[in-house]
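Structure at a glance
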Amino acid sequence: KQEVTQIPAALSVPEGENLVLNCSFTDSAIYNLQWFRQDPGKGLTSLLLIQSSQREQTSGRLNASLDKSSGRSTLYIAASQPGDSATYLCAVHGTGANSKLTFGKGITLSVRP
Amino acid sequence: ETGVTQSPTHLIKTRGQQVTLRCSSQSGHNTVSWYQQALGQGPQFIFQYYREEENGRGNFPPRFSGLQFPNYSSELNVNALELDDSALYLCASSFGLSSYEQYFGPGTRLTVT
């Protein structure tokens, strides 16, 4: 059974800091890994998708890496801004007939002005 | 291109009642997945529909049922509501079952009193 862990549960940083959010998963049989952003009470916004054959993806100030063999992914946020404050969730897309996303509990990020 | 939409946005029901939630998939997508997100938790997979057939189910009781229509929109029905069913219900659409990115709707906030 796939398990996804995100530690710590919450993080508070000053504006301008570069930061790394970690995600680990137990089963390396995945199609892809997605990072999402969720604002309070809202739905999920997809930030980056990394296919299992890829090592990293970049979008603006965001860079996500994937090491499938060790079951780890990181989301790097450069020059953080107060508008980056949100909960960040990673999810792995499992292979097989039951093709679903398994989510971590998320990391709630607060960027202080 | 229209994104994933869900209705209603919010609703309040009484324990024992039944509820139907609706999801319109993104244009061109033939797969819809439903997730339940309790407060402070990551989304949990309920079930998935691919071309009008159920394609996998998570650890949810039979009182959670669903349907997908020929236009690939979908419904989630929950019978005999319990207090623990209070959550944000999210649907996601994608094209196919494997490596494609999943796009989420804004969610329906269900409160059971």
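Preceding this section is the structure that the text describes.
Residues numbered from 1 in each chain as written. Chains lettered and ligands numbered in written order. Predicted model: local features only at pLDDT ≥ 70, side-chain atom pairs only at ≥ 80, totals over all residues. Heavy atoms only, no water.

1. Looking at the overall build of chain B
Each helix and strand counted, chain B has zero helices and eleven strands in total. In chain B, the order of α-helices and β-strands from amino to carboxyl end is β-β-β-β-β-β-β-β-β-β-β. For 113 residues, the compact-globule estimate of 2.2 N^0.38 gives 13 Å, and the C-alpha radius of gyration of chain B, at 13 Å, lies within 12% of that figure. A principal-axis box enclosing the C-alpha atoms of chain B has dimensions of 40 × 25 × 25 Å. Taking all 113 residues of chain B together, 50% fall into the buried category. Within chain B, contacts between residues at least 6 apart in sequence are counted, and of these 54% link residues at least 24 apart. A total of about 5300 Å² of accessible surface is found on chain B, and carbon and sulfur atoms cover 48% of it. In chain B, 7 side chains carry a positive charge and 9 a negative one; their mean positions are 8 Å apart. (Helix = DSSP H or I, 4+ residues; strand = E, 2+ residues; numbered from the N terminus. Rg over C-alpha atoms; globule rule 2.2 N^0.38 Å. Buried < 20%, exposed > 50% of the residue type's maximum accessible area, 1.4 Å probe, protein only. Contact = heavy atoms within 4.5 Å. Areas by Shrake-Rupley, 256 points an atom, 1.4 Å probe, with all protein chains shown as cover. Lys, Arg positive; Asp, Glu negative; His and termini not counted. Charge placed at Lys NZ, Arg CZ, Asp CG, Glu CD.)

2. Some thoughts on the environment of G106 of chain A
Residue and element names in this part refer to chain A. Within the secondary structure, G106 is located in the loop between β10 (101–103) and β11 (107–112). Between the C-alpha atoms of G106 and T74, which are 32 residues apart in sequence, the distance is 13 Å. Setting aside chain neighbours within four positions, we find G106 in contact with Q6, P8, A9, T87, Y88 and L89.

3. Thoughts on the sheet that holds strand β1 (residues 5–7) of chain B
What holds strands together in a sheet is hydrogen bonding between their backbones, with the strands either parallel or antiparallel. Residue and element names in this part refer to chain B. If you walk across this open sheet you meet the four strands as β1-β3-β8-β7, and the pairing is antiparallel. Since the sheet does not close on itself, it has two edges, and those belong to β1 and β7 (64–68), each with one partner. Pairs of neighbouring strands in the sheet enclose a mean axial angle of 20°, with direction left out of account. Looking at chain direction, strand β3 (residues 19–24) and strand β8 (residues 74–78) are connected through five bridges and run antiparallel. Across the sheet, R22 pairs through a bridge with E75, a residue of β8. (Pairing = 2+ DSSP bridges. Axes fitted to C-alpha atoms, helices over the stretch in contact; angles between N-to-C directions.)

4. A look at the interface of chain A and chain B
At the junction of the two partners, chain A supplies 22 residues and chain B supplies 23 residues. Overall, the association of chain A and chain B removes approximately 1700 Å² of surface from exposure, summing both partners, and the carbon and sulfur fraction of that is 50%. Taken together, the links from chain A to chain B amount to zero salt bridges. Here the side of chain A that touches chain B takes five residues from strand β4 (residues 30–38) of chain A, the largest share from any one element. Along the lines of polarity and charge, the residues of the side of chain A that touches chain B split into eight nonpolar, eleven polar and three charged. (Buried area = accessible area lost by both parts, 1.4 Å probe. Salt bridge = Lys/Arg side-chain N within 4 Å of Asp/Glu carboxyl O. Nonpolar A, V, L, I, M, F, W, Y, C, P; charged D, E, K, R; others polar.)

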